[in-house]
Amino acid sequence: MNLEKDIDPRCVAVHLEEPAPEGDAIGYPDYSAEDHETWRILYERQRALLDGRACDEYLAGLELMRFPDDRIPSLRDVSRTLQSTTGWSAARVPGMLHERDFFAFLARGVFPSTDYIRPRSEMDYTPAPDLFHDIFGHTPMITNPAFASFYRRLGRVSLSATGDDRRRLERFYWFTVEFGLIHTWAGLRIYGNGILSSYSEVRHSLTDTVTKLPFDPDRVAAQEYDFSSMQPLLFVIDSFEQLADGFDAWVRRQAWD
Ligand SMILES: [Fe+2]
């Protein structure tokens, strides 16, 4: 059986063949009116879900980003906001990157973002990251110093890991950066970017149908996941300091540094 013919080409990781434009070197694509309308619809319905569900750090980042509600944001502007808050920047990349290229960006404090938007037929689910996932989902959290510092360190450690170690770090990435929850004084909130950019995951993740476990680095690194379905199990941190300190202590125990 030839499985390859069933794989969406957007899900095949690419190596960069030329340096990706970063910061002020990023141009603004000639988006169609339908592309801007897709952003408008996605932004409006997702934003309406987030008060009372997204963590304060994400919502503060969203304020700082000042995304327009009726047209696709400029990645150059996003990069400038990152630069002025945590010293990060953004790069424009053509698709899903090979792991090593991806982690090399994070290790430098550069967020590699796509700049294409999903077709109208994939409003609820798109198999590979698009700009709504990357820009709306990821970049607001990177304005937060504690999260940005952890994220960079995760990239740096992942860059030098191989084999099973790399796989464990990918799980770590999945259950924190993409699908993390946090305890707050007001209740459970979302900080995972994969949840925050998904209409269905935002509504699903805080319900009782999801098993929620306290953050435990060893457990997180061992937990398998299926990226293609709604997540049945999530980990909850108490603070971003706990996340960063827990990760650092776990890395030291693996003797990778
Ligand atoms: Fe992502």
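Above this note sits the structure.
Report follows, based on the coordinates. Just so it is clear, the structure is predicted and the values come from calculations on it, not from any experiment. (Residues numbered from 1 in each chain as written. Predicted model: local features only at pLDDT ≥ 70, side-chain atom pairs only at ≥ 80, totals over all residues. Heavy atoms only, no water.)

### Comments concerning the overall build of the protein
Point 1. On a plain count of helices and strands, the protein comes out with 11 helices and 6 strands.
Point 2. Projected onto the principal axes, the alpha-carbon positions of the protein cover approximately 50 × 50 × 45 Å.
Point 3. Counting only residues that meet the buried cut, the protein has 51% of its 257 residues in that class.
Point 4. Contacts in the protein between residues at least 24 apart in sequence constitute 67% of all its contacts with a sequence separation of at least 6. (Helix = DSSP H or I, 4+ residues; strand = E, 2+ residues; numbered from the N terminus. Buried < 20%, exposed > 50% of the residue type's maximum accessible area, 1.4 Å probe, protein only. Contact = heavy atoms within 4.5 Å.)

### Topic: the sheet that holds strand E6 (residues 233-237)
Point 1. A sheet is described by the order of its strands in space; here 4 strands give the open sequence E4-E3-E6-E5, paired in mixed fashion. Sheet topology places strand E4 (187-190) and strand E5 (211-214) at the edges, where each strand pairs with a single neighbour. Pairs of neighbouring strands in the sheet enclose a mean axial angle of 40°, with direction left out of account.
Point 2. Pairing of strand E3 (residues 181-184) with E4 involves 4 bridges; the strand directions are antiparallel. In the sheet register, His183 faces E4, and the bridge partner there is Leu188. (Pairing = 2+ DSSP bridges. Axes fitted to C-alpha atoms, helices over the stretch in contact; angles between N-to-C directions.)

### With respect to the packing of aromatic side chains
For any pair of aromatic rings, the description consists of the separation of the ring centres together with the inter-plane angle of the planes.
Point 1. Going through the model one piece at a time under the given rule, you end up with 27 aromatic pairs.
Point 2. Above the ring of Tyr199, the side-chain terminus of Arg203 is found at 4.0 Å from the ring centroid. (Phe/Tyr/Trp six-rings, centres within 6.5 Å; stacked < 30°, edge-to-face > 60°. Lys NZ or Arg CZ within 6 Å of the ring centre and 35° of its normal.)

### Observations concerning the coordination of the iron ion
Point 1. At this site the iron ion is bound by His133 (NE2), His138 (NE2) and Glu178 (OE), with donor distances of 2.0 to 2.1 Å.
Point 2. For the iron ion, all donor residues lie on one chain, and their spacing in sequence is H-x4-H-x39-E.
Point 3. Of the residues examined, His138 reaches a relative accessible area of 2% and is grouped as buried. (Donors = N, O, S within 2.8 Å, 3.2 Å for Na, K, Ca; no water.)

### What about helix H3 (residues 75-85)?
Point 1. For H3, the complete set of buried residues consists of Leu75, Val78, Ser79, Thr81 and Leu82. Buried residues along H3 cover an arc of 160° about the axis, so they all sit on one side.
Point 2. Taken together, the buried residues of H3 touch helix H2 (56-65), strand E1 (89-92), strand E2 (110-113) and helix H5 (131-138).
Point 3. Where H3 starts, the residue carrying a side-chain oxygen 3.2 Å from the main-chain nitrogen of Arg76 turns out to be Ser74.
Point 4. One or two positions beyond H3, positive phi appears at Gly87, with a value near 85°. (Arc of directions from axis to C-beta. Polar contact = N/O pair within 3.5 Å; in protein donor to acceptor, adjacent residues only side chain to side chain.)

### Comments concerning the side chain of Arg118
Point 1. Its place among the elements puts Arg118 in the loop between E2 and H5.
Point 2. One polar contact links the side chain of Arg118 to the main-chain carbonyl oxygen of Met123, over a distance of 3.1 Å.
Point 3. A polar side-chain atom of Arg118 sits 2.8 Å from a polar atom in the side chain of Asp130.
Point 4. Filtering out sequence-adjacent residues up to four positions away, Arg118 remains in contact with Thr38, Leu42, Met123, Thr126, Asp130, Phe132 and His133.

### Brief notes about the pattern of salt bridges
Pairing between side chains of opposite charge can happen when their charged atoms approach one another.
Point 1. Scanning all chains against the criterion turns up 15 salt bridges.
Point 2. A salt bridge links Asp115 to Arg92; its shortest N-O distance comes to 3.9 Å. Placement of the pair is Asp115 in the loop between E2 and H5 and Arg92 in strand E1, with a sequence separation of 23 residues.
Point 3. Arg92 gets classed as partly exposed once you look at its relative accessible area, which sits at 28%.
Point 4. In this structure, the salt-bridge partner of Arg167 is Glu224, at a minimum N-O distance of 3.7 Å. Residue Arg167 is located in helix H7 (residues 163-178), and its partner Glu224 is located in the loop between helix H10 (217-222) and E6; the two are separated by 57 residues in the primary sequence.
Point 5. One connected set of salt bridges, linked through shared partners, spans Arg167, Glu170, Arg171 and Glu224. (Salt bridge = Lys/Arg side-chain N within 4 Å of Asp/Glu carboxyl O.)

### Re helix H11 (residues 240-254)
Point 1. Over its 15 residues, H11 extends 21 Å from the first C-alpha to the last, a length consistent with the 21 Å expected when each residue adds 1.5 Å.
Point 2. Along H11, the positions that sit buried rather than exposed are Phe240, Leu243, Ala244, Gly246, Phe247, Asp248, Trp250, Val251 and Gln254.
Point 3. Packed against the buried residues of H11 are H2, helix H6 (145-160), H7, E3, H10 and E6. (Expected span 1.5 Å × (residues − 1).)

### Brief notes about the pairing of E1
Point 1. When E1 meets E2, the two strands line up parallel, connected through 4 bridges. Bridge pairing in E2 places Ser89 opposite Val110.
Point 2. Running through helix H4 (residues 99-107), the crossover from E1 to the neighbouring parallel element E2 is right-handed. (Right-handed = clockwise from strand over helix to strand, strands pointing away.)

### Focus on the environment of Arg171
Point 1. Turning to its location among the elements, Arg171 is positioned in helix H7.
Point 2. Taking the C-alpha atoms as reference points, Arg171 and Tyr43, 128 residues apart in sequence, are found 28 Å from one another.
Point 3. Setting aside residues up to four positions removed in sequence, Arg171 forms contacts with Val220, Ala221, Ala222, Gln223, Glu224 and Tyr225.

No statement about biological role is implied by the geometric values presented.
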